[in-house]
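# Observations on chain architecture
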Amino acid sequence: MIIPSEAIDYCIWSLRQYIFENRIFDSKILPLAKIFSRFPQELALTTTNLCNLKCIWCPNKHIKSKGVMGRELYEKIVNEFIYDYRQFNKRILFGEFGEPFVDKNFTDRIDYIRKINSTLPISLFTNGYALNKEIAAKLIENKAAITISLDEVEPDLYFKVKGKDFNVVFNNVLDFIDLAKLKNHNLFEVQVKTLMSRKEINKSKNFHLLKNKTRNIHLRFMQGTAMQNWAGSIDKNKLFDKIGLHKKPPHRFIKEKLNVPCIRLFTTLQVNYDGKVHLCCKDMLGKVILGDLNENSIKEVWQGGKIENIRNTAIGRQRNKIPLCNICDFLRSWRYLKGRKFC
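Residues numbered from 1 in each chain as written. Predicted model: local features only at pLDDT ≥ 70, side-chain atom pairs only at ≥ 80, totals over all residues. Heavy atoms only, no water.

## With respect to the pairing of strand β4 (residues 144-149)
- Burial runs high along β4: five of the six residues are buried.
- Inspection of the sheet shows strand β3 (residues 122-126) paired to β4 by five bridges, in the parallel sense. Looking across to β4, one finds that F125 is bridged to T147.
- Handedness of the crossover joining β3 and β4 through helix α5 (residues 133-141): right-handed.
- Sheet topology note: the β4/strand β5 (residues 188-194) ladder contains four bridges and is parallel. The residue bridging T147 from the neighbouring strand is E189, located in β5. (Buried < 20%, exposed > 50% of the residue type's maximum accessible area, 1.4 Å probe, protein only. Helix = DSSP H or I, 4+ residues; strand = E, 2+ residues; numbered from the N terminus. Pairing = 2+ DSSP bridges. Right-handed = clockwise from strand over helix to strand, strands pointing away.)

## A look at the packing of aromatic side chains
- Across all of its chains, the model carries 10 aromatic pairs by this definition.
- Where Y85 meets F88, the ring centres are 5.5 Å apart and the plane angle is 80°; that geometry is what we call edge-to-face.
- Classification of F88 by relative accessible area gives buried; the value is 5%.
- Here the aromatic cluster, defined as three or more aromatic residues joined through ring pairs, consists of F39, F81, Y85 and F88.
- When the ring centre of W230 is taken as reference, the NZ or CZ atom of K282 above it lies at 4.5 Å.
- Taking NZ or CZ as reference, K282 lies 4.7 Å from the ring centre of F330, over its face. (Phe/Tyr/Trp six-rings, centres within 6.5 Å; stacked < 30°, edge-to-face > 60°. Lys NZ or Arg CZ within 6 Å of the ring centre and 35° of its normal.)

## Re the sheet that holds strand β1 (residues 42-45)
- With mixed pairing, nine strands are arranged side by side in an open sheet as β6-β5-β4-β3-β2-β1-β7-β8-β9. Sheet topology places β6 (217-221) and β9 (289-292) at the edges, where each strand pairs with a single neighbour. In this sheet, neighbouring strand axes are inclined to one another by 20° on average, regardless of whether the strands run parallel or antiparallel.
- Across the face of the sheet, helix α3 (residues 71-83) comes into contact with β1, β2 (91-94) and β7 (268-271) while running at roughly 170° to β1. (Axes fitted to C-alpha atoms, helices over the stretch in contact; angles between N-to-C directions. Contact = heavy atoms within 4.5 Å.)

## Regarding the environment of K164
- Tracing the backbone shows K164 in the loop between α6 (155-162) and α7 (166-182).
- It is 39 Å that separates the C-alpha atoms of K164 and N89, two residues lying 75 residues apart in sequence.
- Reaching out from K164, the side chain makes a polar contact with the backbone oxygen of N52 at a distance of 2.9 Å. (Polar contact = N/O pair within 3.5 Å; in protein donor to acceptor, adjacent residues only side chain to side chain.)

## Structural notes on unusual backbone geometry
- A positive phi angle, near 55°, is found at K143, a position not held by glycine.
- Positionally, K143 belongs in the loop between α5 and β4.
- For N184, which is not a glycine, the phi torsion comes out positive at approximately 55°.
- Topologically, N184 is positioned in the loop between α7 and β5.

## Concerning a nonpolar patch on the surface
- A surface patch of nonpolar side chains, amounting to about 380 Å² of accessible area, comprises L15, Y18, I19 and F20.
- Here L15 lies in helix α1 (residues 5-20).
- What makes L15 exposed here is its relative accessible area of 53%. (Patch = residues over 30% accessible without salt bridge, like charges linked within 9 Å, V, L, I, M, F, W, Y side chains within 5 Å. Areas by Shrake-Rupley, 256 points an atom, 1.4 Å probe, with all protein chains shown as cover. Salt bridge = Lys/Arg side-chain N within 4 Å of Asp/Glu carboxyl O.)

## Here we look at the state of the cysteines
- With the rule as written, the count across this model stands at zero disulfides.
- Free of any disulfide, C51 has its nearest cysteine sulfur in C55, 6.2 Å distant.
- Judged by relative accessible area, C51 falls into the partly exposed class, the value being 34%.
- Not engaged in a disulfide, the cysteine C58 finds its nearest cysteine sulfur in C55; these two sulfurs lie 6.1 Å apart.
- For C58, a relative accessible area of 18% corresponds to the buried category. (Disulfide = S-S within 2.5 Å.)

## Here's the deal with the nonpolar core
- Residues F94, L150 and L210 are the most contacted members of the largest nonpolar core, which totals 101 residues.
- Not counting the four nearest positions on each side in its chain, L150 is found in contact with Y158, K162, F166, V169, F170, V173, V190, Q191 and L210. (Core = buried A, V, L, I, M, F, W, Y, C linked by side-chain atoms within 4.5 Å.)

Everything listed here is a matter of coordinates, which is why it stays silent on function.
See below:
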């Protein structure tokens, strides 16, 4: 029996987690966690949860309430985030619950941030389908860090997974890379999260064309750990059977055993288009609401009793008792707080 290299890599990674995420190191991380609990370092802002694609692994299609954030609410949130706790290093992130370019005013929103703060890091996720040259130029001008979720690199597979024309998005990606090179803009990454095997993708002409254009490629395989269950919103086993991929990703037993606190509870405020604050980036359906920025300030929500109770439960290594966290297969450990500068 030949064990896939992805499974071997995962087993090595899991062993490292068992060592470095052990509770004996918690006393060194806890003081940092208390500091980060004062104010969010990252504002994950969904100006729209509408999307122009229907990716088979994404729960966006199950969202009941969709829309676009109003200008007044947007400016209130951005102003408060930038001006409060100015000593903290911060960034604003867009595009985790929907496609930001479906929001027709998105580039104006970026301009608004830059009028207030010319150096604040801005990041965004996009599927690239609406990434035309005009939008690309505006993002590069405003020094935004861009992650393009291209994922599949073959037309038939792209259509199977996302339901749209591959050539449109692929040409957008290639044009963006050319413009980024011209402007000396290296703050971008092209994600390829594929159903293909390593052997298959190495035969892809489109993948090699992409590699010849840029080194900023993040390649992941569905046979490994790239597929996530979005805090229980997606049944991965049913999805894998539906798409005919029978190699199940390795079970994340190490994370479940250790009950490691997730870094997002201490760093990131997840705000939907309607001002509701969701538990985290995986709570796309809004099952756990921490507050409402129409009625509360960022500080009130971030230091509120609901999130504090969740943090304390996580710190006590009882992640399995936190709603959504107890069924979520995504985790970025709180030990990475040690690599973050808060001021």
